[in-house]
Amino acid sequence: MKKIITALCLGLALSATCFATEVTTMQFKTDKTNYKYPRFTLESSKATQKINKFVNSEFKSLRKIHNQDHELVGGGMDYKVILDDEKYLCFTLEPYDFHGGAHGMYYTGYYVFDKETGNRMKYYDFVPSINSDELRWGIKNGYLPVELEDGSQGEAPFMDENTLVKENFRLNGDGSVSLVYGPYELDCYAAGNNYVKLTTKQVEKLKVMMPSK
């Protein structure tokens, strides 16, 4: 078992700003697995502690799952920083596993934290909340657009009565958020993640236009 810690102190803001978060890439490798996850340093020590505690917990939980999976051929985790502005930090943790066959499986978890308090944010902290009936009706009738990884429009062919509002969401940097659905949730594996964009204006219009039961 080999443990490698690689420091990559990165300024993640697009320009040199005082609120840029410092990131250290942590790496843990075994014969079958390779995990990369972030360690953050923010101006707020409270936020630094809370966010890193969350990330470490996710890493340890995934390791435990993989250690108990005797059919695992390979697996691990990666991450990306999506947005780092004055108030919020949005990043992904991307666990994956492979059991043989044509392809493995992966999950892209998006996480948004307040950089002052270290509290994890919900999508409805940024736009009005919707329920699952409104989500399905909005997608079906074109009020809530679905985007694929390449930016093209998705059709959500796998959507059904079991499709629910997800807690998994990303900040888009323009005041909007996107609910994130992984492979097989709204579309096939090849389509990748599907993103249902929500803006305050879209949600308010949806609630007016949707027929009452």
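Everything below is about the structure shown above.
Criteria and thresholds
Residues numbered from 1 in each chain as written. Predicted model: local features only at pLDDT ≥ 70, side-chain atom pairs only at ≥ 80, totals over all residues. Heavy atoms only, no water. Helix = DSSP H or I, 4+ residues; strand = E, 2+ residues; numbered from the N terminus. Rg over C-alpha atoms; globule rule 2.2 N^0.38 Å. Contact = heavy atoms within 4.5 Å. Areas by Shrake-Rupley, 256 points an atom, 1.4 Å probe, with all protein chains shown as cover. Lys, Arg positive; Asp, Glu negative; His and termini not counted. Charge placed at Lys NZ, Arg CZ, Asp CG, Glu CD. Phe/Tyr/Trp six-rings, centres within 6.5 Å; stacked < 30°, edge-to-face > 60°. Buried < 20%, exposed > 50% of the residue type's maximum accessible area, 1.4 Å probe, protein only. Core = buried A, V, L, I, M, F, W, Y, C linked by side-chain atoms within 4.5 Å. Salt bridge = Lys/Arg side-chain N within 4 Å of Asp/Glu carboxyl O.

Secondary structure assignment for the chain yields 3 helices and 11 strands. Ordered by position from the N terminus, the helices and strands of the chain form the series β-β-β-α-β-β-β-β-α-β-β-β-β-α. Since a compact globule built from 213 residues should have a radius of gyration of about 17 Å, the 19 Å found for the chain is in line with a globular shape. Principal axes of the C-alpha set define a box for the chain whose edges measure 60 × 45 × 25 Å. At a minimum sequence separation of 6, the contacts of the chain that also span at least 24 residues come to 53%. For the chain, the exposed area adds up to about 12000 Å²; of that, 50% sits on carbon and sulfur atoms. Side chains of the chain carry 26 positive and 28 negative charges; the gap between the two charge centres is 5 Å.

This brings us to the packing of aromatic side chains. Scanning the model with the defined rule gives 15 aromatic pairs in all. Judged by centre distance (6.2 Å) and plane angle (85 degrees), the ring pair of Tyr110 and Tyr195 falls under edge-to-face. Taken together, the positions of Tyr110 in strand β7 (residues 109-114) and Tyr195 in strand β11 (residues 194-198) put the pair 85 residues apart, joining distant regions of the chain. Tyr110 gets classed as buried once you look at its relative accessible area, which sits at 7%.

This brings us to the nonpolar core. Ranked by size, the top nonpolar core spans 28 residues in total, and within it Val196 and Leu198 carry the most contacts. Of all the secondary-structure elements, those providing two or more residues to this core are β5 (88-98), β7, α2 (132-140), β9 (169-171), β10 (177-181), β11 and α3 (200-209). For this core, the element with the highest residue contribution is β10, accounting for 4 residues. Counting residues in hydrophobic clusters, the runner-up holds 19 residues, among them Val23, Tyr35, Phe59 and Phe91.

All right, on to the pattern of salt bridges then. All told, the structure shown has 7 salt bridges when counted by the stated rule. The partner of Arg136 in a salt bridge is Asp133, with the nearest N and O atoms 2.5 Å apart. Within this pair, Arg136 and its partner Asp133 are both found in helix α2, separated by 3 residues, close to a single helical turn. Between Lys207 and Glu134 there is a salt bridge, with its nearest N and O atoms 3.0 Å apart. Linking Lys207 in helix α3 with Glu134 in helix α2, this pair joins segments that are 73 residues apart in sequence. Overall, the relative accessible area of 39% leaves Lys207 in the partly exposed class.

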